[in-house]
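The residues making up each chain are set out below.
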Protein chains: 2
Amino acid sequence: MKQKELTSRLLHIVGEEGVVLNPADQEPYVNDWLGKAHGRTVAVVRPRNTTEVAAVMRLCHQTHTPVVPQGGNTGMSGGATPDMSGAQVVLSLNRMKRIHDVDPINNTLTADAGVILADIQQAARHVDRYFPLSLGAEGSCTIGGNLATNAGGTGVLRYGNTRDLTLGLEVVLPDGRVWNGLRALRKDNTGYDLKDLFIGSEGSLGIITGVVLKLFAAPAGRVTAWVGAQNLTNIVALLNRLQADCGPRLSAFEMMSAPSLALVTQQLPGHASPLDKTYPYYALIELADTNMSGVQDMLQAGLAVAIEDALIDDCVVAMSEAQSISMWKLREGISMAQVKAGKAVKHDIALPISSLARFAAEADQAVQDDFPGLPIINFGHIGDGNLHYNVLLPLDVAYEDYAKKTADLNKRIHDLVTQFNGSISAEHGVGTLRRDELRRYKSSVEMDLMIAIKRTLDPNQLMNPGKLL
Amino acid sequence: MKQKELTSRLLHIVGEEGVVLNPADQEPYVNDWLGKAHGRTVAVVRPRNTTEVAAVMRLCHQTHTPVVPQGGNTGMSGGATPDMSGAQVVLSLNRMKRIHDVDPINNTLTADAGVILADIQQAARHVDRYFPLSLGAEGSCTIGGNLATNAGGTGVLRYGNTRDLTLGLEVVLPDGRVWNGLRALRKDNTGYDLKDLFIGSEGSLGIITGVVLKLFAAPAGRVTAWVGAQNLTNIVALLNRLQADCGPRLSAFEMMSAPSLALVTQQLPGHASPLDKTYPYYALIELADTNMSGVQDMLQAGLAVAIEDALIDDCVVAMSEAQSISMWKLREGISMAQVKAGKAVKHDIALPISSLARFAAEADQAVQDDFPGLPIINFGHIGDGNLHYNVLLPLDVAYEDYAKKTADLNKRIHDLVTQFNGSISAEHGVGTLRRDELRRYKSSVEMDLMIAIKRTLDPNQLMNPGKLL
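All of these numbers come straight from a predicted model, not from anything done at the bench.

Rules behind the numbers
- Residues numbered from 1 in each chain as written.
- Chains lettered and ligands numbered in written order.
- Predicted model: local features only at pLDDT ≥ 70, side-chain atom pairs only at ≥ 80, totals over all residues.
- Heavy atoms only, no water.
- Helix = DSSP H or I, 4+ residues; strand = E, 2+ residues; numbered from the N terminus.
- Rg over C-alpha atoms; globule rule 2.2 N^0.38 Å.
- Buried < 20%, exposed > 50% of the residue type's maximum accessible area, 1.4 Å probe, protein only.
- Contact = heavy atoms within 4.5 Å.
- Areas by Shrake-Rupley, 256 points an atom, 1.4 Å probe, with all protein chains shown as cover.
- Lys, Arg positive; Asp, Glu negative; His and termini not counted.
- Charge placed at Lys NZ, Arg CZ, Asp CG, Glu CD.
- Pairing = 2+ DSSP bridges.
- Axes fitted to C-alpha atoms, helices over the stretch in contact; angles between N-to-C directions.
- Phe/Tyr/Trp six-rings, centres within 6.5 Å; stacked < 30°, edge-to-face > 60°.
- Lys NZ or Arg CZ within 6 Å of the ring centre and 35° of its normal.
- Buried area = accessible area lost by both parts, 1.4 Å probe.
- Salt bridge = Lys/Arg side-chain N within 4 Å of Asp/Glu carboxyl O.
- Polar contact = N/O pair within 3.5 Å; in protein donor to acceptor, adjacent residues only side chain to side chain.
- Least-squares fit on C-alpha atoms with pLDDT ≥ 70 in both.
- Arc of directions from axis to C-beta.
- UniProt positions renumbered as here; feature names shortened; annotations may be inferred.
- Domains from an automatic or database assignment.
- Nonpolar A, V, L, I, M, F, W, Y, C, P; charged D, E, K, R; others polar.

On to the overall build of chain A. Secondary structure assignment for chain A yields 16 helices and 19 strands. Taken over the C-alpha trace, chain A has a radius of gyration of 23 Å; the compact-globule value for 469 residues is 23 Å, and the two agree within 12%. Scored against the burial criterion, the 469 residues of chain A give a buried share of 59%. Considering only residue pairs separated by 6 or more positions, chain A has 74% of its internal contacts joining residues 24 or more positions apart. Of the roughly 17600 Å² of accessible surface on chain A, 51% is carried by carbon and sulfur atoms. Between the averaged position of the 43 positive side-chain charges in chain A and that of its 50 negative side-chain charges there is a distance of 6 Å.

This is how it looks when you write it as structure tokens:
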């Protein structure tokens, strides 16, 4: 089909406001926010509802037009950017923004896929409930994108990934049929778990158009602490103790190495360490509960014992919400500090928590052997076994050297991750960024199973081609 | 292939002890424990490890022999019983009983699929951790069976279903290939969620041979209470309040109607109501925490306010573990009391919690209109929206009348469940029991997706034929 006929039929389905044809207006849809992925498109299509998504998908199915689904376009792995062919349609969900139902008795919220994550958090707060998914991009990412990538973030330790927060889905299949799986049930054992097949499939099996999410009791407050320790083994031991003593009150346990903290305090004005001395590793700890009586005492007592036992060297418990916020700013500032300091070669990896310290020791040694002098920025959600294990290159590194070092470092680190039975993409997904590496690290049986499922659900290979698989 | 050649090759793979050929010895494998499902088999095969399972599956694949996987054979829906053809092999996992690893730092346990659930609970306790899956059959069901049916039970409110407790799986595919997905990771976004496709698939896609399970902090104790209320609306309102006030401490919220309690106290000696008067509905409530300081006060205060607000009419908080156990015996005694009283037509259903009261009112009316005089035994895990909504027939009901009433009642109740967007099998699965009903209540799109997945993973349709789909 000619491009002109395709766009005219798209216009017929979604109207003038629903199709972006002007190349300047297409810019925000065909480049990713990191500035790394760039593409072209026949048209950006922005349906208003599931019926329109279904009609667009039927058209693309009939005309063999490849489709790139897109939410808030805040991904880290290039999964929502079209290729350079100009033959792909970008299907943006950003006009599907309705929250259909908030049910505080069933503790569920039903929404369109295009709703901004922060708006969902807000709607939950409005009925005195809590939606725990939280990440840096929450002001612009959509819940549909969170679902497509099974987003993680800072709430995973207590509440799980996006997958764990989801009860039901609505999905438009590649041929335009609609699967209505919008169930608001805690139990349903009537067949295969289709929902979890679409969650984390990065738009390669269908378009998620709606969701039923779990809501939780709103915490009455939080207590935040900052600790310094000599090594990662001790940080993990503290995590383990607090998990046993505090149970689900432990709502965050974030780690940062000394160079990570130094980078933040050096690069970002107004950011200072809460402790007088420096230590090789730090942890940011948070307890939250529906009833905060005794919770601060519990954390202080646990940390006092940890100091007595020489697990940690020093600690400070925030005495105000302002102090809590300052501590979180140190953790959240790392990404920006990295950007200011140079080019970071990044690894978003997960390991069994019991292997974290041994992995980091071997990885640090390997980086120093093979790439002497490069600073290692090791931080992350270690309560989930998730490290952002990054290596800094200077700001003025040449492009060719950057590309080669990135590939070499990725291989070095990901080989080691695989030795320790870890994951080479803990929360950022595969997209185009890790697609080739996937083949290297997955077993052939697992690749065969994934490809078989892809062929079954998307036989014409029109859904987000070149991503994930 | 002749039956004799098949058994000789099976004997070659698993040895004399691994094949049961004597019909008398086969009895426990070809009948279900409810006495409802009966079948015949070529041979019961009991491999010792994954390599043997793989060899058996390769042989069955080559010889087009259908396979019925079986764990502890404690299912409620006939999903583990061979048909009457005598052509199916029963593949029992009951010799695969090794717990390979218990990791209290990573909070994980790795085990063979044939390990008894109670042994997994015990292994967790041994390292001061908690594995929360708990159900009546825990002394004889296997974790593999729990996975194949996504078992629920009494711990779902706080910890989720079996699916939510699982990090990794090992599966032998229908052609004998082994998928090693035994990952002990909290985060892993590297492709499709294969694990959740096998969980709950009732042995129709492959044989689950191994699992990595999540462990949790061991609770330091529990507080149990029993309340009486005028209606289900109030019971649900109390549930909702306690969820908001107590957060994850609320570890159980079970409901039983007045006829359910009366049945237990009448049929089972030594079972008495904890309250002086009778009320239309009762709830059994439990709080548990890693630190029990203030927890009993919290429950007592919450119930006092509920009495003041006339949500509930009376309550008693257990003052000893013995009192807790007595309360739980009333809840657990319902199944046995039903057996003694007559034939129960059972429904294992789930509804949005906000619809429970309206559903029960309409269902009670419908049963009384269409089947006057039959007692309704309504009880269940209402914290999960899961009702066991049963109707008693007299002990001496004729078989033909029983069969017809069962079919009519099932249709009446399940039609209503579907109107309320509920599930016709909350935790017991589909098996042969609900297979025909599945087609009635699922959309054609959902049936098509499930059948497409089945055809992809089991193209020769050899895995547990006649079950689920």
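With that settled, the discussion passes to the sheet that holds strand 1 (residues 19–20) of chain B. Residue and element names in this part refer to chain B. Strand order in this open sheet of four strands is 1-2-4-3, and the pairing throughout is mixed. Where the open sheet ends on each side, the last strands, each with one partner, are strand 1 and strand 3 (67–70). Across two bridges, strand 1 lies against strand 2 (residues 43–45) in antiparallel orientation. Within strand 2, the position partnered with Val19 by the bridge is Val45. Across the sheet, helix 1 (residues 3–14) lies against strand 1, strand 2 and strand 4 (89–92), angled at about 15° from strand 2, the strand it touches most. In the packing of helix 3 (residues 50–62) onto the sheet, the strands contacted are strand 2, strand 3 and strand 4, and the crossing angle to strand 4 comes to about 165°.

The next thing to look at is the pairing of strand 12 (residues 221–229) of chain B. Residues and elements named next belong to chain B. Counting buried positions along strand 12 gives seven out of nine residues, so the element sits mostly inside the fold. Two elements, strand 12 and strand 14 (residues 281–289), share nine bridges in a ladder whose sense is antiparallel. Each residue of the ladder has a partner; that of Gly228, found in strand 14, is Tyr282. Note that strand 12 and strand 15 (residues 314–317) share four bridges and pair antiparallel. Within the sheet, the bridge partner assigned to Trp226 lies in strand 15 and is Val316.

Per the counting criterion, the structure on display carries 14 aromatic pairs over all chains. When the centroid spacing of 6.0 Å and the interplanar angle of 25° are considered together, the rings of Trp179 of chain A and Phe198 of chain A count as stacked. With Trp179 of chain A in strand 9 (residues 178–181) and Phe198 of chain A in helix 7 (residues 194–198), this pair connects stretches of sequence that are 19 residues apart. Of the two residues, Trp179 of chain A and Phe198 of chain A, neither departs from the other in class, the shared state being buried. Taking 4.9 Å as the distance between ring centres and 70° as the angle between the ring planes, the aromatic pair formed by Tyr159 of chain B and Phe216 of chain B counts as edge-to-face. Of this pair, Tyr159 of chain B sits in helix 6 (residues 156–159) while Phe216 of chain B sits in strand 11 (residues 216–217), and the two are 57 residues apart along the sequence. Counting every residue linked through ring pairs, the aromatic cluster contains Tyr130, Tyr159 and Phe216 of chain A. When the ring centre of Tyr159 of chain A is taken as origin, the NZ or CZ atom of Arg158 of chain A, which lies over that ring, is 4.2 Å away.

Residues and elements named next belong to chain A. Spatially, the five strands line up as an open sheet ordered 5-6-10-8-9, and their pairing is antiparallel. Looking at the sheet topology across the chains shown, the edges are occupied by strand 5 (99–103) and strand 9. In this sheet, adjacent strand axes meet at a mean angle of 10° when their direction is disregarded. Pairing geometry for strand 8 (residues 166–172) and strand 9, over four bridges, is antiparallel. Each bridged residue has a counterpart across the sheet, and for Val171 the counterpart in strand 9 is Trp179. The strands that helix 3 (residues 50–62) touches are strand 8, strand 9 and strand 10 (207–214); relative to strand 8, the one it contacts most, it runs at about 45°.

Turning to the interface of chain A and chain B, a few remarks are in order. Taken residue by residue, the interface counts 83 residues in chain A and 83 residues in chain B. Together, the buried faces of chain A and chain B total about 6600 Å²; carbon and sulfur atoms form 56% of this surface. If you sort the residues of chain A by the area they bury against chain B, Lys187, Asn189 and Tyr192 of chain A come out on top, with a joint share of 16%. Across the contact surface, chain A and chain B share twelve salt bridges. Two residues, Arg249 of chain A and Asp289 of chain B, come together in a salt bridge whose shortest N-O distance is 2.5 Å. Counting across the interface, chain A meets chain B through 51 residue pairs in polar contact (both at pLDDT 80 or more). When residues in the side of chain A that touches chain B are grouped by element, the largest group, ten residues, is from helix 16 (residues 444–457) of chain A.

Next up on the list: the pattern of salt bridges. In the structure shown here, the tally under the stated rule is 51 salt bridges over all chains. Shared partners join several salt bridges into a network, and the residues in it are Arg163, Lys195 and Asp196 of chain A together with Asp193 of chain B.

In this section: the relation of the copies chain A and chain B. When chain A is fitted onto chain B, the two copies agree to an RMSD of 0.0 Å after a turn of 180° and an axial shift of 0.0 Å. Taken together, the rotation and translation describe the operation of a two-fold axis. The fraction of interface residues of chain A whose copies in chain B are also interface residues reaches 100%, indicating that both copies meet through the same surface.

Moving on, we get to the pairing of strand 9 of chain A. Across the two faces of strand 9 of chain A the burial differs, with Trp179 and Gly181 of chain A buried and Val178 and Asn180 of chain A not buried at all. Linking strand 8 of chain A back to strand 9 of chain A in an antiparallel pair, the connection comprises five residues, with Gly176 of chain A at a positive phi of about 95°.

Here the focus is helix 9 (residues 258–267) of chain B. Taken together, the buried positions of helix 9 of chain B are Ser260, Leu261, Leu263 and Val264 of chain B. Buried residues in helix 9 of chain B, looked at end-on, bunch into an arc of 155°, giving them a common side.

Right, let's talk about the UniProt feature "domain: FAD-binding PCMH-type" (unreviewed entry) in chain A for a bit. Per the UniProt record, "domain: FAD-binding PCMH-type" (unreviewed entry) is found at residues 37–218 of chain A. With 21% helix and 24% strand, the stretch residues 37–218 of chain A has end C-alpha atoms that lie 38 Å from each other.

Residues and elements named next belong to chain A. On domain assignment, one finds that chain A holds domain 1 (3–92), domain 2 (99–217), domain 3 (221–334) and domain 4 (341–435). Listed per partner, the contact involves 17 residues of domain 3 and 17 residues of domain 4. Summing the contributions of domain 3 and of domain 4, the shared interface buries around 1300 Å²; its carbon and sulfur component is 67%. Interface area lost by domain 3 to domain 4 is led by Leu232, Val236 and Met255, which between them contribute 31%. In this assembly, domain 3 and domain 4 are joined by five residue pairs in polar contact (both at pLDDT 80 or more). Of all the secondary-structure elements, those providing two or more residues to the side of domain 3 that touches domain 4 are helix 8 (232–246), strand 13 (250–257) and helix 9 (258–267). Each residue belonging to the side of domain 3 that touches domain 4 can be placed in one class, and the counts come to eleven nonpolar, four polar and two charged.

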